[in-house]
Amino acid sequence: MKSLLAKLTLAAAVIAAPMMSATVAYAEGERYVLVSHAPDSDSWWNTIKNGIALAGEQVGVEVEYRNPPTGDIADMARIIEQAVASGPNGIITTLADFDVLQGPISDAVDQGINVIIMNTGTPEQAREVGALMYVGQPEYDAGFAAGLRAKSEGVTNFLCVNHAIQQPTVGERCRGYADGLGVELGDSMMDSGTDPAEIKNRVLAYLSANPDVDGILTLGPVSANPTIQALEENGMAGDIHFGTFDLGDEIVQAIKDGTISWGIDQQPFLQAYLPVVVLANYDRYGVLPGNNINSGPGFVTADGLEKIEEFAGEYR
Amino acid sequence: MTEATQGSAPTPDAADERVKEISGFRKALIRPELGGIVGTVAVFTFFILFAFDSGMFAAQGVMNWSIVSAQFMIIAVGACLLMIAGEFDLSVGSMIGFAGMITAIMSVTMGMPMWVAILLTFAICLAIGALNGFIVIRTGLPSFIVTLAFLFILRGFTIYLPQTIENKTIIGGIREAAEGDWLAGLFGGNVGEWFFVWLGNNGLIQTFERGSRAGQPVVDGIPALIVWAIILVIFGHILLTRTRFGNWIFAAGGDAESARNSGVPVNRVKILMFMFTAFCATVFAMCQIFEFGSAGADRGLLKEFEAIIAVVIGGALLTGGYGSVLGAALGALIFGVVQQGLFFAGVESSLFRVFLGVILLGAVILNTYIRRMITGER
């Protein structure tokens, strides 16, 4: 049994060694931790990882990305506490549930750690927890802008495909959209789940059951990609008004094809990149922009897609 | 089965031929917790070597991994006893989300006094636990399937109810609603604040630098969550090893038929264990909503899995009849320390699973060896 133990220890050491060496490589300079609420399955956050990696490299600081594997916000609170305990120079975090996260975040601020809220939350909430600033796209406002635009383009009755029903901030987009259109949200918001086949079939079923729907809003690539397929399958591609949040290869292609009228880009790259640069300059020279930074909403249409196409899913 | 027969056997005389003499060393070696103890020592050694000056072993870091471990412990105690009784409960995670949500709906939305909401929640969740057990017993279906069904049923309600009633999936305002409530205080709140204030004043732990809490210690007490975990572990351990009911649990999971023949009320034991698992999940949920002040539809996702992992690392047998609550508690400790510690060690978070898998595999192999030594099976 002793030899077994020795073998296990050796195996653990062999596996652990590369992990250790990978992280001590650039321990010079400031250290920042970005905490998100996204589950591992959400590929949208790859752009965020690219953003902090590039910023870290350019500014010469160490940046780490942390998230709760299942997207459980209570677990996220623990991760913030953990990040605080490790004593970083600054924390960049989303504010996915104010009740849950305000405690850990204000504790961090009170211990002298600079905090920037990104992506999710509101400028007011960011001020309340004592963060330096908010960098992102106010969700309700973005949805409202999308609703106004869709109304001017003739939408009267819509379906909002929500793949993240458990995150209320994402659902705010549907509510904003309904208010922008000037219609009741009612049953228009669909809890689609995250499995592409399920999403596709639910959209197909909803559209055949509700023939008067003339507009679709999806809340990100997770729901947009299967919806594109659904519309191609039932022949409504290009026929029905289709707007989406966020960009990705397939969304960009669909905009080109005319299946999607526009994508709303909240520029995740900037949401990740800017806080790192702001924090580093604040720590080094004490300079700080005087206001929050709105990274979106920006409407992306078929005009000027080239650059976007090149970097979709990577830096856009 | 060694532990199971201890209590019911007559007190052995020195020369009783039915009792085999075992040396003290061997006795210590064949405890079911041995795997957990070895793992705990190994994991702590590892992190002391690689992450000692990262804040992991400062007051705040210790509190962080202790809380996470305590969370695992609370659900692992229930899962452990149920697993020893020969059944699974996959609805634990959904139960956590569900319990928190109905408390929030009853108190915040419907305006009931918090203690009434809490008691009703416990009653409902225990009833669901009993229903789980009842269906398993009556139909003879594997508990795996029955509780899998409840995993979906409960999660569905947890999303549906707040969405229909409040048009959102997170209900906040629980902290305000629980203000001054006698029962909520048992789940929220901290213990031993004075001690931590003393530590802070004497510079033994870090204090807040600015804000309204400047000068106060960064760790301001032991959360009720940890107290609950300790109480449940002690309760579970005593129940399992020092009472007749504990022997019934082993017997029900070991060989239900022969247990029935020797007069053990197997059905009652199993249903009670399902209820106890539901109780643990509800305790977890209550601690969570009073700490964070909101109930969300995504709470407790995959926690059933984490409970089972902790129990298995702790040396319990998936087929029932063998295991220990202390082992499960150590399994929870290992799980929590590894999950949080890898961050302090600066390991890329996606590699956490690799590491956890290695530990799980190592623990199971080690536990199998130990069990073979005990039972003599080859």
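Because the structure is predicted, anything quoted here is derived from the model rather than measured.

Each value, and the rule that gives it
Each chain has its residues counted from 1, running along the sequence as written. Labels are handed out in written order, letters beginning with A for the chains and numbers beginning with 1 for the ligands. Selection of residues for local features in this predicted model requires a pLDDT of at least 70, selection of side-chain atom pairs for listing and counting requires 80 or more, and totals for whole chains, interfaces and linings are taken over all residues. Only heavy atoms go into the side-chain values, all of them from the structure, while hydrogens and water stay out. Where helices and strands are cited, they refer to DSSP runs of H or I of at least four residues and of E of at least two residues respectively, numbered from the N terminus. Two things to know: the radius of gyration comes from C-alpha atoms, and the globule rule equals 2.2 Å times the number of residues to the power 0.38. It only takes one pair of heavy atoms within 4.5 Å for two residues to be counted as in contact. None of His or the chain ends enter the tally, which takes Lys and Arg as positive and Asp and Glu as negative. The location of each charge is read from NZ of Lys, CZ of Arg, CG of Asp or CD of Glu. Simply put, the buried area is the total loss of 1.4 Å probe accessible area from both parts when two parts are fitted together. Here, a salt bridge means any Lys or Arg side-chain nitrogen found within 4 Å of an Asp or Glu carboxyl oxygen. The term polar contact refers here to a pair of N or O atoms within 3.5 Å; inside protein, the definition further demands a hydrogen-donor-capable atom paired with an acceptor-capable atom, and it admits residues adjacent in sequence only when both atoms are side-chain atoms. Side-chain rings of Phe, Tyr and Trp (the six-membered ring for Trp) are treated as a pair once their centres are within 6.5 Å; stacked means planes under 30 degrees apart, edge-to-face means over 60, and tilted covers the remaining angles. The rule is simple: take the accessible area with a 1.4 Å probe, protein chains only, and divide by the maximum for that residue type; under 20% is buried, over 50% is exposed, in between is partly exposed. Surface patches are defined over residues having more than 30% relative accessible area and no salt bridge, joining like charges when they lie within 9 Å and nonpolar side chains (Val, Leu, Ile, Met, Phe, Trp, Tyr) when within 5 Å. We get accessible surface area from the Shrake-Rupley algorithm with a probe of 1.4 Å; when it comes to residues, only the shown protein chains can shield them.

Novice: Outline the overall build of chain B, supporting the account with residue identities and numerical values.
Specialist: Counting its secondary structure elements, chain B contains 16 helices and four strands. Radius of gyration (C-alpha) of chain B: 22 Å, near the 21 Å computed for a compact globule of 378 residues. Summarising its shape, the C-alpha atoms of chain B cover approximately 70 × 50 × 40 Å along the three principal directions. Taking as baseline every contact in chain B between residues at least 6 positions apart, the subset at least 24 positions apart corresponds to 78%. In chain B, the 22 positive side-chain charges and the 24 negative ones have mean positions that sit 6 Å from each other.

Novice: Break down the interface of chain A and chain B for me, citing the residues and quoting the values.
Specialist: Much of the literature gives interface size as the accessible area that the parts lose upon coming together. Chain A puts 49 residues into the contact, and the matching count from chain B is 59 residues. Surface buried jointly by chain A and chain B totals about 4,600 Å² across both partners, of which 57% is contributed by carbon and sulfur atoms. One salt bridge connects A:Arg78 with B:Glu291, and the closest N-O pair in it is separated by 2.8 Å. In this structure, the connection of chain A to chain B is made through eleven residue pairs in polar contact (both at pLDDT 80 or more).

Novice: Now, about the packing of aromatic side chains: what can you tell me, with residues and values included?
Specialist: Residue and element names in this part refer to chain B. A complete count under the given rule lists 28 aromatic pairs over all chains for this structure. Taken together, a centroid distance of 5.1 Å and an interplanar angle of 90° make the contact between Phe46 and Phe47 edge-to-face. Note on accessibility: Phe46 and Phe47 belong to one class, buried. Taking 6.0 Å as the distance between ring centres and 40° as the angle between the ring planes, the aromatic pair formed by Trp115 and Trp182 counts as tilted. Of this pair, Trp115 sits in helix H6 (residues 114-139) while Trp182 sits in the loop between helix H8 (174-177) and strand S2 (190-191), placing them 67 residues apart in sequence. Note on Trp115: relative accessible area 36%, which makes it partly exposed. Look at Trp182 and you get exposed, because its relative accessible area is 55%. Here the aromatic cluster, defined as three or more aromatic residues joined through ring pairs, consists of Phe122, Phe187, Trp228, Phe235, Phe276, Phe279 and Phe290.

Novice: I'd like to hear about a nonpolar patch on the surface, residue by residue, with values.
Specialist: Residues and elements named next belong to chain B. On the surface, a nonpolar cluster with roughly 520 Å² of combined accessible area is contributed by Trp194, Phe195, Trp198 and Leu204. Mapped onto the secondary structure, Trp198 falls in helix H9 (residues 193-201). The class of Trp198 is partly exposed, set by a relative accessible area of 48%.

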